Amino acid sequence: MATVTDTDLKELKDLITSGFSRLDAEITDLKVSVGKIEATLQSQQPNLQKIPDLAEKVGELKNWKQIGLIIATAMISSIFSGTIGGTIGWLLKSGGIRP
């Protein structure tokens, strides 16, 4: 078995020190990134609080669309039924069609 020399110990010490230095640099970078993310989330917080109000307004708009569609359908249906019924009645009264 080879004996451990001072240079070997120094190399190991330098390797460990450089590893810790890299870890410290990466941890610092991560902390900076987390800080940026937190700042972004804080700036978006007012927008996130508006989401329930917007959802309620969209729901109300959807209800108005449905009401408008029902009214339009009713109007078109009554126009068609009145026109068709009137035409059939006129034909029957005037004797345009004789059975």
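Note that the structure is a prediction, hence the values are computed from the model and not measured.

Procedures and definitions
Residues numbered from 1 in each chain as written. Predicted model: local features only at pLDDT ≥ 70, side-chain atom pairs only at ≥ 80, totals over all residues. Heavy atoms only, no water. Salt bridge = Lys/Arg side-chain N within 4 Å of Asp/Glu carboxyl O. Helix = DSSP H or I, 4+ residues; strand = E, 2+ residues; numbered from the N terminus. Buried < 20%, exposed > 50% of the residue type's maximum accessible area, 1.4 Å probe, protein only. Expected span 1.5 Å × (residues − 1). Bend = angle between axes of the 7 residues up to and from the residue.

Further remarks concern the pattern of salt bridges. Side chains bearing opposite charge may pair, as long as their charged atoms lie close to each other. Under the defined criterion, the tally for this structure stands at one salt bridge. We note a salt bridge from Asp14 to Lys10, for which the minimum N-O separation is 3.6 Å. Of this pair, Asp14 and Lys10 both sit in helix H1 (residues 6-49), four residues apart, which is roughly one turn of that helix. What makes Asp14 partly exposed here is its relative accessible area of 40%.

The subject of this paragraph is H1. Across its 44 residues, H1 extends 63 Å between first and last C-alpha, which sits within 8% of the 64 Å expected from 1.5 Å per residue. Approximately 35° is the largest bend angle found in H1, and it occurs at Ser43, with the proline Pro46 only one to four residues beyond.

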